[in-house]
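Overview (structure and organization)
Now for the letters of each chain:
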Amino acid sequence: MIKAWLVVKELLRGAGITSRHFFVNMTFHTLRLFGIKTKRRGAVTIQYPEERKELSPRHRSLHRIRPRDDGRPSCVACMLCVTVCPSECISVEAAEDPDPEVQKVPAKFVVDLNRCCFCGFCVEACPVDAIRMDTGEIRLASKTRAGLEARLDKP
Amino acid sequence: MLADVLIVLAKVVLALTWTLLLALFLTWVERKESAVMQDRIGANRASVFGLRLFGLFQPFADAIKMLFKEDFAPTFSQRALHWLAPTFSFFFVSVAIVAVPFGDTVRLFGRRIPLQVVDLNAAVLFVLAMLSLGIYGILVSGWASANRYALIGSLRGAAQLISYEVALGLSLVGLIMVFPSLSLSRIVESQGALLFGFLPKWGVFLQPLGFAVFFLAGMAGTKRVPFDLPEGESEIIGFYTEYGGLKFGLFMFTDFLEVIVLSAMSTTLFFGGWQVPWLGDGGFAFPWGGRLDVAPWAVTVLRVLAFNLKVFFFCWLQILTRWTYPRFRYDQIMDLGWKVLVPLGVGNILITGLILAARG
Amino acid sequence: MSGLKRVGLTIDGLKVQAAEGTSILKAAEQAGVVIPHFCYHPALEIEGNCRMCVVEIEGLPKLEPSCSALVREGLVVRTSTERVREARKDVLAFLLAEHPLDCPICDKAGECRLQDYYDRHGLTASRMVEPRERREKKLAIGRGLILDRERCVLCTRCVRFLRQMPGTGELGVFERGLRSEVGIFEDAPVDNGYSGNLVDICPVGAITAEDFRFKTRAWFLARKPSVCPHCGRGCAVTVESVSGYPLAKGERRVYRITARENPAVNGFWICDLGRDGRRDIDEGRHARLMKAGVPVAGLSWQTALADVAAAIRTVPGPERSAGIAVVLNGRLTCEELALAKRLFVAGLGLSKVYFADRKPGSADGLLLTAERLPNGRGVLEAGFAPRLPALDEIAAADVLLVFGPYLSEHLAEEALAKAWAGIPSKFLFSAHEGPLDRLADIVFPVAVPAEKSGTYINVDGTRQTFAQAVKPAAGVAAESAILAGLANLLALDAGGGDAR
Ligand code: SF4
Ligand code: SF4
Ligand code: SF4
Ligand code: SF4
Ligand code: FES
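**Topic: helix α8 (residues 301-314) of chain C**
Residue and element names in this part refer to chain C. Along its 14 residues, α8 runs 20 Å from first to last C-alpha, staying within 8% of the 20 Å computed at 1.5 Å per residue. Buried residues of α8: W301, A304, L305, V308, A309, A311 and I312, and no others. One side of α8 carries all its buried residues, which in axial view fall inside an arc of 160 degrees. At its buried positions, α8 is contacted by α9 (320-323), β16 (324-328), β18 (399-403), β19 (425-430), β20 (442-445) and α15 (479-491).

Structure representation (structure tokens):
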């Protein structure tokens, strides 16, 4: 009997919590509807495309290859990112550079975003700090697979 | 004669329209209410020419989506039955609505027209019967899907509905004993009287236990969370697994219709139906002695409004419940049905009988 | 070995027996103690210039280079005391003081001794504050070899190799002291048939091969042993290939072929012809079955083989000996040759079994033999008397089965075409594209030796069994499978029964 009452009490308490949220939020929604500015809002939702949250400074977004001072990619095609990538999604083809101080440059640098899991290991692995994931570009949807193959050697 | 037929037809159309529109509205309310409860905003993007209206067009968008989805049936399913099942469910529930009185009688063109599609003398039994027939929709859908999980789900559903059917029936016996009638219009009329001179003589005041049992058992009958074992959309697989598009939409819609029917029945049986407290045919007669005359048309409007408000309150309450509690385990459901609600229903009959006998 | 006197010594507490005249380094290696070294190479004369191999010898005041110190009775050697470790660290620090930070773009990375030793024995920060000496980074020294003088550790392995092995000595160390550098003499680039070995023996990435340069990284390569099929020597090789990620589309499968140590055949070296054999595996290959000179998709060799069997069956038993001609080659393994013998000679009773192979080249007196087929001895041992067919011998046949594309090396194309035109059914089993392709009814793509397992017998009679080193492409079958399949099909022939 007592147990049953306790159950009922908890059930009612639960309903109380949800209805409190309902009425409190409803009040703020209504106030806002009538143009009354309140500090609190009825919902915590961020209306994404219109409203945006600022990306954290250590976020990971679309990759980029840092350019050298003269604008050419600073990647030396060492393929360490290719080696470390757990999703096996980077493909680098190296080419000879006429400058003997540079020697090796990427002829093709493709990140297959279809597979990328945005772990950031490639950034960690790069010995020359060429690849970074700081473009802030997080809207990467595409209607084709090819659209998700990011060519990074071309700016 | 022709006029009578036309009037009945008009009433059928009106009642159906009311139910369907309310059900559509409820799909929106469900999204919005749950959102507000959870500090969210809810669906608000559906728009017509840029007009969003808090997502009020969402139900129509949903309906259009459902209509244009592929009409899929598994290869081994029984196609005819597969189609029939959701229509069964839908049909029986919408038929139940004809017995509900929306208001008292109005005088129009010199006729007395009760605001009720048909005034059955055994309306309580009729509604119960129609709700029970809905089980067939579930059973047939599970069978026709040719999917073991769907079949098991539908058996779960049938077991649950039958269990709660018993409690549902028992809970109403006490009420019928106090308002000795099976006709809904008579029951509503009886609730117009006063108790102790001030309290409206609503069923809930005479039969609080009966109401609790009725409402719980009724909610179990709607198969919605926390009683959603038959479908268990989130993890256990249920009877409409193999349904999609329009047919699935019908099942979903039936759920909302059941919510409405349950609300309408709770209102009618326990909360005075269209009765407004202290409002008689001539106007208000307050227990503290005041009087307020109200025009006859306004009385009718007030009463219809009161009915709608009460129904809407119960819909709101059911949605609140659905978004507050997690699902029961199957044994808990059966325990609640057979070991709690049925004994309570029987006890309620005994107590009511004893009190009635004591009062002679 | 037993004739030599053996001496006993202690290395790191282990009692070791070694033949007199062995170096401590070698004795330690035999006992399982690895001593790091750059300039020592078991096949080259000892120079002792890198000092990486120093060890502590009881009773001697200074550390001794173990590559040049010989074993003596009762020596007590320690290879990893504090002093030795310090010495290694210092050697590495000096080498790295002038070394560029090139590992990301260096082809040797991953198999570089300097990297490995730094990781194991060094791990010191550079103390160099002066600017590094800049040197030539991309010097072509001939035969597709590129020298990077910044990376060179002046171990002179390359110089010694060229003097000793091919004996041509194109490289030398020029200048003195800090300015010492490896280089070629004026207008005399490296030009000998063994130049590729320089890449293998250079302990660092100073000498790299243009063919492999920048194509992939060493750690991506799967290394599988095989036997070189390009001459009668049958050198031991390692086939280094990439099969999955990060293989770019249309890239090569086999990235390079390197020498594998086999004292009985080739020691440590292979010639450039064998090294270039990676092209033989990847280039000019038949990818799919060809009918009447046109590749057909979706036809399996098993299905097409039924046509061959049917053509053979059209020749009645007694006429087979004259009506069916078979041309085999010396690239077939002993197992395949035995199978061919059973099938064609014993089974079908053919007498027209010929051989066609690569034309012989010139021997160089070292490894390369004049014979350019790997299994000439195997052919003889299988009981064949190899003979090139004459044109009219082929033309007289009703059914012609040719293994390998080499027939066209010996007979003029127009003449061949004319002769083949008269043959009702002719089938070619070839790994590579060639002029015969358009003449044959069906061309079956077959595997190259690196894609098969089997046995070769080299010119000296050494029998070498090898396993598959790379997987053949889908639809490419080894001749052994084809011969076995043919035998099956013919044995199933109810009317004949003479395939037994
Ligand atoms: S983020 Fe991770 S998965 Fe994506 S490319 Fe870089 S290493 Fe690969
Ligand atoms: S991005 Fe960095 S790690 Fe990747 S290939 Fe280029 S240099 Fe190497
Ligand atoms: S030679 Fe070795 S240490 Fe030097 S750059 Fe190449 S891999 Fe690195
Ligand atoms: S090029 Fe290589 S083998 Fe030759 S001296 Fe330099 S490090 Fe040694
Ligand atoms: S290996 Fe002994 S000094 Fe170089």
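**Overview of the arrangement of the chains**
Where two pairs of chains are in contact, the pair with the most contacts is made of chains A and C. Note that chain B does not reach chain C: the shortest distance linking a C-alpha of one to a C-alpha of the other is 32 Å.

**Digging into the pairing of strand β2 (residues 14-19) of chain C**
All names here are of chain C. With six bridges connecting them, strand β1 (residues 6-11) and β2 associate as antiparallel partners. Residue pairing across strands places T10 opposite K15, the latter belonging to β2. Linking β1 back to β2 in an antiparallel pair, the connection comprises two residues, with D12 at a positive phi of about 55 degrees.

**Notes on the interface of chain A and chain C**
Size of an interface, as often reported, equals the accessible area lost when the parts are brought together. Between chain A and chain C, the residue contacts involve 21 residues of the former and 17 residues of the latter. Taking both partners together, chain A and chain C bury about 1600 Å²; carbon and sulfur atoms supply 60% of that area. Considering only the surface of chain A that becomes buried against chain C, E96, Q103 and K104 of chain A emerge as the three largest contributors, covering 33% of it. Here chain A and chain C share three salt bridges between them. Between E96 of chain A and R213 of chain C there is a salt bridge, with its nearest N and O atoms 2.9 Å apart. The interface formed by chain A and chain C contains nine residue pairs in polar contact (both at pLDDT 80 or more). For the side of chain A that touches chain C, the secondary-structure elements that each account for two or more residues are α2 (80-84) and β2 (90-96) of chain A. The leading source of residues in the side of chain A that touches chain C is β2 of chain A, at five residues.

**A word on the sheet that holds strand β4 (residues 64-65) of chain C**
All names here are of chain C. Strand order in the open sheet made by the five strands is β2-β1-β5-β3-β4, with mixed pairing throughout. Looking at the sheet topology across the chains shown, the edges are occupied by β2 and β4. Here helix α2 (residues 82-97) sits on the sheet in contact with β3 (54-57) and β5 (76-78), set at roughly 160 degrees to β3.

**What about the pattern of salt bridges?**
Residues and elements named next belong to chain C. Under the criterion given, the structure shown has 61 salt bridges over all chains. Taking the shortest distance from any N to any O, the salt bridge between K137 and D102 comes out at 2.4 Å. Pair noted here: K137 is in the loop between α3 (113-122) and β6 (139-142) and D102 is in the loop between α2 and α3, with a separation of 35 residues, a long-range link. Each member of the pair, K137 as well as D102, is classed as buried.

**What about the interface of chain B and chain A?**
With 15 residues of chain B in contact, the opposing surface of chain A contributes 20 residues. For the pair chain B and chain A, the summed buried area comes to about 1400 Å², and 62% of that belongs to carbon and sulfur atoms. Inspection of the region where chain B meets chain A yields one salt bridge. Taken together, the connections running from chain B to chain A amount to ten residue pairs in polar contact (both at pLDDT 80 or more). Contributions of two or more residues to the side of chain B that touches chain A are made by α1 (2-37) and α10 (296-322) of chain B. Looking at the side of chain B that touches chain A, the element that brings in the most residues is α1 of chain B, giving three residues. Residues belonging to the side of chain B that touches chain A are distributed by class as follows: eight nonpolar, two polar and five charged.

**Here's the deal with the packing of aromatic side chains**
All names here are of chain B. Applying the stated criterion to the full structure yields 43 aromatic pairs over all chains. With a centroid separation of 6.1 Å and an interplanar angle of 40 degrees, the aromatic rings of W18 and F307 are classed as tilted. Pair noted here: W18 is in helix α1 and F307 is in helix α10, with a separation of 289 residues, a long-range link. The pair formed by W18 and F307 is uniform in burial state, with each residue classed as buried. R224 extends its terminal NZ or CZ atom over the ring of F256, reaching a point 5.2 Å from the ring centre. The positively charged end of R322 is found above the aromatic ring belonging to W323, 4.5 Å away from the centroid.

**Some thoughts on the site of ligand 1**
Residues in close proximity to ligand 1 total 14 residues, the closest being C85, C116, C119, G120 and C122 of chain A. A per-class count over the shell around ligand 1 returns eleven nonpolar, three polar and no charged.

**Concerning the nonpolar core**
Most often, soluble globular proteins have nonpolar side chains that are buried together. Counting residues in hydrophobic clusters, the biggest one holds 87 residues, and the most contacted among them are F344, L401 and F444 of chain C. The element contributing the most residues to this core is α8 of chain C, with seven residues. Residues F92, V93, L128 and L341 of chain B belong to the second largest nonpolar core, which totals 65 residues.

**Describing the sheet that holds strand β7 (residues 145-147) of chain C**
Residue and element names in this part refer to chain C. The sheet built from three strands is open, its strands ordered β6-β7-β10 with antiparallel pairing. Only two strands of the sheet have a single neighbouring strand rather than two, namely β6 and β10 (207-209). Between one strand and the next, the sheet's axes are offset by a mean angle of 35 degrees, whatever the strand orientation. In terms of strand pairing, β7 meets β10 through three bridges, oriented antiparallel. Across the sheet, the residue bridging to I146 is T208, located in β10.

**A word on unusual backbone geometry**
Omega for the bond connecting V225 of chain B with P226 of chain B falls within 30 degrees of zero, at 0 degrees, which places this linkage in the cis form. Relative to the helices and strands, P226 of chain B is located in the loop between α8 (208-221) and α9 (245-270). The phi dihedral of R51 of chain C is positive, around 65 degrees, even though this residue is not glycine. For R51 of chain C, the position within the fold is in the loop between α1 (24-30) and β3.

**Side note on α15 of chain C**
Residues and elements named next belong to chain C. Over its 13 residues, α15 runs 18 Å from end to end, which matches the ideal 18 Å to within 8%, given 1.5 Å per residue. Where α15 is concerned, the buried positions are E479, I482, L483, G485, L486 and L490. Down the axis of α15, the smallest arc covering the buried residues is 160 degrees, so these residues share one side. Structurally, α15 contributes buried residues whose contacts are with α8, α10 (334-347), β18, β19 and β20.

**Things to note about the site of ligand 4**
In the vicinity of ligand 4 there are 14 residues, among which C152, C155, T156, C158 and C202 of chain C approach most closely. For the shell around ligand 4, a count of residues per class yields twelve nonpolar, one polar and one charged.

**Some thoughts on the packing of α2 of chain C against α3 of chain C**
Residue and element names in this part refer to chain C. Viewed as axis vectors pointing N to C, α2 and α3 meet at an angle of 140 degrees, and their least axial separation amounts to 10 Å. Here α3 runs oblique to α2, going by the angle between their axes. Seen from above, α2 lies across α3 with left-handed handedness. Contacts from R88, K89, L92, L95 and L96 in α2 reach L114, Y117, Y118, H121 and G122 in α3. Taken together, the residues of the contact of α2 with α3 sort by class into six nonpolar, two polar and two charged.

How each quantity is defined
- Along each chain, numbering runs from 1 in the same order as the chain's sequence is written.
- Naming scheme: in the order in which they are written, chains are lettered from A and ligands are numbered from 1.
- Residues qualify for local features only when their pLDDT is at least 70, as the model is predicted, and side-chain atom pairs are given and counted only at 80 or more; totals for whole chains, interfaces and linings, by contrast, use all residues.
- In computing side-chain values, all of the structure's heavy atoms are included and hydrogens and water are not.
- In this text, helices come from DSSP runs of H or I with a minimum length of four residues, and strands from runs of E with a minimum of two, each type numbered from the N-terminal end.
- To estimate how far a helix should extend, the number of its residues minus one is multiplied by 1.5 Å.
- Buried residues are those whose accessible area, probed at 1.4 Å on protein chains only, stays under 20% of the maximum for their type, while exposed residues exceed 50% and partly exposed ones sit between those limits.
- When we speak of the arc, we mean the arc of directions from the helix axis to the C-beta atoms.
- Any two residues whose heavy atoms approach within 4.5 Å at even a single point are treated as in contact.
- At least two bridges found by DSSP between two strands are what make those strands a pair.
- Buried surface area refers to the total accessible area, computed with a probe of radius 1.4 Å, that the two partners give up upon joining, counted for both partners together.
- Salt bridge, as applied in this entry: a Lys or Arg side-chain nitrogen positioned within 4 Å of an Asp or Glu carboxyl oxygen.
- Any pair of N or O atoms that falls within 3.5 Å is considered a polar contact. Within protein, one atom must be able to donate a hydrogen and the other to accept it, and sequence-neighbouring residues count only if both atoms are side-chain atoms.
- To obtain each axis, a line is fitted to C-alpha atoms, and for helices this fit is confined to the stretch in contact; angles are then taken between N-to-C directions over 0 to 180 degrees.
- Amino acid classes used here: Ala, Val, Leu, Ile, Met, Phe, Trp, Tyr, Cys and Pro are nonpolar; Asp, Glu, Lys and Arg are charged; the rest, including Gly, are polar.
- Paired rings are identified among Phe, Tyr and Trp, the last through its six-membered ring, by centres lying within 6.5 Å, and are further divided according to the angle between planes into stacked (under 30 degrees), edge-to-face (over 60) and tilted (the rest).
- Cation placement over rings: the criterion is NZ of Lys or CZ of Arg within 6 Å of the ring centroid and within 35° of the ring normal.
- Proximity is defined per residue: any heavy atom of the residue falling within 4 Å of a molecule or strand makes that residue near it.
- Residues belong to one nonpolar core when they are buried, are Ala, Val, Leu, Ile, Met, Phe, Trp, Tyr or Cys, and are joined through side-chain atoms within 4.5 Å.
- Convention used here: angles under 35 degrees read as roughly parallel, angles over 145 as roughly antiparallel, angles from 65 to 115 as roughly perpendicular, and any remaining angle as oblique.
- A crossing counts as left-handed when the near helix is turned anticlockwise from the far one by less than a right angle, and as right-handed when that turn is clockwise.

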